[in-house]
Amino acid sequence: MKRAKGPALKILALRMPALAIPVLAIPALLFAGTMRAADAPVVVTSIKPIHSLVSAIMQGVGEPELIVDGAASPHTYNLKPSNARALQNAKVIFWVGPGLEAFLEKPLQALGRDASIAELDNAPGLVKLPFREGGAFEPHDDGDEHDSASATPEHEHDHAEATHGAEADHDHGTFDTHLWLDPMNAKAMAAMITTTLVAADPANALTYQGNARALDDRLDALDTELKGIVAPVKGKPFIVFHDAYQYFEHRYGIRVAGSITVSPETIPGAERVSEIHRKVGELGATCVFAEPQFEPRLVNVVIGGTSAKSGVLDPEAATLKAGPDLYFTLMRGIANSMKDCLSSA
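Summarised in this report is the structure supplied together with it. (Residues numbered from 1 in each chain as written. Predicted model: local features only at pLDDT ≥ 70, side-chain atom pairs only at ≥ 80, totals over all residues. Heavy atoms only, no water.)

A short note on the pairing of strand β9 (residues 237-242)
Now for step 1: Burial runs high along β9: six of the six residues are buried.
Now for step 2: As paired strands, β9 and strand β10 (residues 255-261) are joined by five bridges and run parallel to one another. Opposite Ile-239, over in β10, you have Gly-258 as the bridge partner.
Now for step 3: Bridge analysis of β9 against strand β11 (residues 287-290) gives three bridges, and the strand direction is parallel. Looking at the pairing, Ile-239 lines up with Val-288 of β11. (Buried < 20%, exposed > 50% of the residue type's maximum accessible area, 1.4 Å probe, protein only. Helix = DSSP H or I, 4+ residues; strand = E, 2+ residues; numbered from the N terminus. Pairing = 2+ DSSP bridges.)

Put into structure tokens, the structure is as follows:
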């Protein structure tokens, strides 16, 4: 029995270092993880769709902060003290531009002086569409002179009519700022996001670039998927709460026949609501879509006494949880909402 103890002790001695090494390594690994998180630059984003793209590119490095969170809308947002602190501490700030997030223009000048600020409506390769007016679309009375596109009920858009990247007139009153609702525009913005992050944080350049390539592939796959979803209902006209869907329409050939209001922060008057009610019948609109942040009862008034159905579209992801997958959930949600309502009409 005594002889049996010697080998047993040797075996135990051989095993002990193997067991001890992972235990000793745990604090070092935790320290390395802490250092990595500490090394991540402070990045601030304006709205959920942009936050989603930036989050996807920053995975493995850090997580960007978001200003317009929850069900808030950039059209009606008031900056909070916590937002102001985030802007002041930021190394990099991403926003679409003053045409969408007007509430950010002055705070960025005052608080973002030490940050690299990327205005994504300047991204090379963007397709920019002019505001629509006439027909079932309200005039844009924003005090700026701009070229407008008259919209017939069909208002078909040729890609040649769009402006691209640096060729666009960069007066913020000239184009629709809901740029992210075309996955190809999302790709253009992702490229600018990547370039900006690499310049601000070259130590993590390889991670940003690898994530950007993966995001590009996902956006291409999403584009193909969305084409398939909306294909059965492409010819059916519908009315939206406000004219935020041009880019989706332009990309996938669907037919928005009019909007209840041009500016979601301005509730339309009784005359405008009556006009759209008439248009629903005249244009044969099969669905009228509300938005989660704004007054849904207006939609019920508009479809009252008609055969049109109601649905909900969420162009700014008010009901979705922020994160790297939000953009994909958002775009699929819009496509499926259109398909479901228009298929049943």
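Section: the packing of helix α6 (residues 205-230) against helix α10 (residues 326-344)
Now for step 1: Their axes nearest at 10 Å, the elements α6 and α10 cross at an angle of 5°. Taken together, α6 and α10 sit at an angle that is classed as roughly parallel. Facing Leu-215, Arg-218, Leu-219, Leu-222, Glu-225, Leu-226, Ile-229 and Val-230 of α6, the residues of α10 in contact are Tyr-327, Phe-328, Met-331, Arg-332, Ala-335, Asn-336 and Lys-339.
Now for step 2: Broken down by class, the residue content of the contact of α6 with α10 amounts to 10 nonpolar, one polar and four charged. (Axes fitted to C-alpha atoms, helices over the stretch in contact; angles between N-to-C directions. Parallel < 35°, antiparallel > 145°, perpendicular 65-115°, else oblique. Contact = heavy atoms within 4.5 Å. Nonpolar A, V, L, I, M, F, W, Y, C, P; charged D, E, K, R; others polar.)

Here we look at the state of the cysteines
Now for step 1: Considering all chains together, one arrives at one disulfide under this definition.
Now for step 2: The partner cysteine of Cys-287 in its disulfide is Cys-341, sulfur to sulfur 2.0 Å. Between Cys-287 and Cys-341 the disulfide shows an S-S torsion of about -110°. By sign, it is left-handed. Taken together, the positions of Cys-287 in strand β11 and Cys-341 in helix α10 put the pair 54 residues apart, joining distant regions of the chain. The residues Cys-287 and Cys-341 share a single accessibility class, namely buried. (Disulfide = S-S within 2.5 Å.)

With respect to the packing of aromatic side chains
Now for step 1: The tally for this structure, following the rule as stated, stands at four aromatic pairs.
Now for step 2: With a centroid separation of 4.9 Å and 55° between ring planes, the pair formed by Phe-248 and Tyr-252 is classed as tilted. Of this pair, Phe-248 and Tyr-252 both sit in helix α7 (residues 246-252), separated by four residues, roughly a single helical turn. Considered together, Phe-248 and Tyr-252 belong to a single accessibility category, that of buried residues.
Now for step 3: One cation-aromatic arrangement involves Lys-128 over Phe-175; the distance from NZ or CZ to the ring centre is 4.5 Å.
Now for step 4: Cation over ring: Arg-218 sits above Phe-328, and NZ or CZ is 3.8 Å from the ring centre. (Phe/Tyr/Trp six-rings, centres within 6.5 Å; stacked < 30°, edge-to-face > 60°. Lys NZ or Arg CZ within 6 Å of the ring centre and 35° of its normal.)

In short, the description is geometric, and any link to function would need to be established separately.
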